[in-house]
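The primary structure of each chain is shown beneath.
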Amino acid sequence: MPRSDARRNYARILEVAEAEVAAHGADASLEQIARTAGVGSATVRRHFPSRRALLEAVFHGQVDALAAQARELAGAADPRAALLDWLAALTTYAATARGLATALVRDDTAAEHAHACSATMTAAGAPLVRRAAEAGVVGPEVTIADLIALVTGIVLATENHRDPAGEAHRLLALAVRGISPVG
């Protein structure tokens, strides 16, 4: 197959996958994605050898944007506000992008022990947590992995709520009062 056909197939598969994941979450049917994209399932698997690879591609742009936001906030004057702003942005996106929370869950059976979404968010958020700990606004035992797990759990618990993002933010606010009470 000429490279231009392969690039078109990749783009079409990704476009369809984004729509299917938005509609059905991380469990979107790979067979349905292939049918809708007008390609065979082998073509989907050639471009995306696993469901995880497909999800990472679907979420890549927004995950990179969240990472960029974390880098921008890393120098903010108020480390607590910077961390909470970033956690709120992560919560909003994870609650509205069906399947992202699943993509953020680490799979300890995977050879790499972490995948791109989780690794990117961990690397991006770690400086925010470190600055907040140095400022004494979160405990020294709080890690970015803890906070990503917290957001992921909240989003997974609220995904079937009538207002998933609103409920996720409400629960995050409750958790934040426990992690970093305003003093």
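In the block above lies the structure referred to throughout.
Residues numbered from 1 in each chain as written. Predicted model: local features only at pLDDT ≥ 70, side-chain atom pairs only at ≥ 80, totals over all residues. Heavy atoms only, no water.

The next subject is the overall build of the protein. A count of helices and strands for the protein gives nine helices and zero strands. The buried share of the protein, reckoned over its 183 residues, is 42%. Once local pairs closer than 6 in sequence are excluded, the contacts in the protein between residues at least 24 apart make up 65%. (Helix = DSSP H or I, 4+ residues; strand = E, 2+ residues; numbered from the N terminus. Buried < 20%, exposed > 50% of the residue type's maximum accessible area, 1.4 Å probe, protein only. Contact = heavy atoms within 4.5 Å.)

Attention now moves to empty space enclosed by the protein. With the rule as written, the count across this model stands at one cavity of 30 Å³ or more. Here the largest cavity is characterised by a volume of approximately 50 Å³. Of all the secondary structure elements, the ones that give two or more residues to the lining of the largest cavity are helix H5 (79-96), helix H8 (144-158) and helix H9 (164-179). Top contributing element to the lining of the largest cavity by residue count: H5, with three residues. Here the residues of the lining of the largest cavity are counted per class, giving eight nonpolar, one polar and no charged. (1 Å grid on protein atoms, 1.4 Å probe; cavity = no way out; pocket = protein on both sides within 12 Å on 5 of 7 lines; lining within 4 Å. Points joined across faces, edges and corners; volume = space filled by probe spheres on them. Nonpolar A, V, L, I, M, F, W, Y, C, P; charged D, E, K, R; others polar.)

Here we take up the pattern of salt bridges. The final tally for this structure, using the stated rule, is three salt bridges. Among the ionic pairs, Glu-15 bridges to Arg-12, the shortest N-O distance being 3.4 Å. Placement of both Glu-15 and Arg-12 in helix H1 (residues 3-24) is noted, with a separation of three residues, approximately one turn of the helix. A relative accessible area of 31% places Arg-12 in the partly exposed class. A salt bridge links Arg-170 to Glu-167, with the nearest nitrogen and oxygen atoms 2.9 Å apart. Highlighted residues: Arg-170 and Glu-167, both in helix H9, separated by three residues, approximately one helical turn. Overall, the relative accessible area of 16% leaves Glu-167 in the buried class. (Salt bridge = Lys/Arg side-chain N within 4 Å of Asp/Glu carboxyl O.)

To continue, consider the nonpolar core. Counting 52 residues, the largest nonpolar core has Ile-33, Phe-59, Leu-83, Trp-86 and Met-121 as the members making the most contacts within it. Elements that contribute at least two residues to this core include exactly H1, helix H2 (30-37), helix H4 (51-73), H5, helix H7 (116-134), H8 and H9. Take this core: its biggest share by element is ten residues, from H4. The residues touching Leu-83, leaving out its near neighbours within four places in the chain, are Leu-128, Val-129, Ala-132, Val-138 and Leu-147. (Core = buried A, V, L, I, M, F, W, Y, C linked by side-chain atoms within 4.5 Å.)

So, on to the packing of H7 against H8. Each pair of packed helices can be summarised by the angle the axes make with each other and by the distance between the axes. At a closest axis distance of 9 Å, the pairing of H7 and H8 adopts a crossing angle of 115°. Judged by the twist between their axes, the crossing of H7 over H8 is right-handed. Facing H7, whose interface residues are Met-121, Thr-122, Gly-125, Ala-126 and Val-129, H8 presents Ile-144, Leu-147 and Ile-148. For the contact of H7 with H8, the residue count by class is six nonpolar, two polar and no charged. (Axes fitted to C-alpha atoms, helices over the stretch in contact; angles between N-to-C directions. Left-handed = near helix turned anticlockwise from the far one by under 90°.)

Our next topic: the environment of Ala-94. Structurally, Ala-94 can be placed in helix H5. Residue classification places Ala-94 among the buried positions, given a relative accessible area of 4%. Separated by 71 residues in sequence, Ala-94 and Ala-165 place their C-alpha atoms 8.4 Å apart.

The next subject is H5. Here H5 is 18 residues long and its end C-alpha atoms lie 26 Å apart, about the 26 Å a rise of 1.5 Å per residue gives. Every buried residue of H5 is listed here: Pro-79, Arg-80, Ala-82, Leu-83, Trp-86, Leu-87, Ala-89, Leu-90, Thr-91, Tyr-93, Ala-94 and Ala-95. Two or three places before Arg-80, at the start of H5, stands the capping residue Asp-78, its side-chain oxygen 3.1 Å from that residue's backbone nitrogen. (Expected span 1.5 Å × (residues − 1). Polar contact = N/O pair within 3.5 Å; in protein donor to acceptor, adjacent residues only side chain to side chain.)

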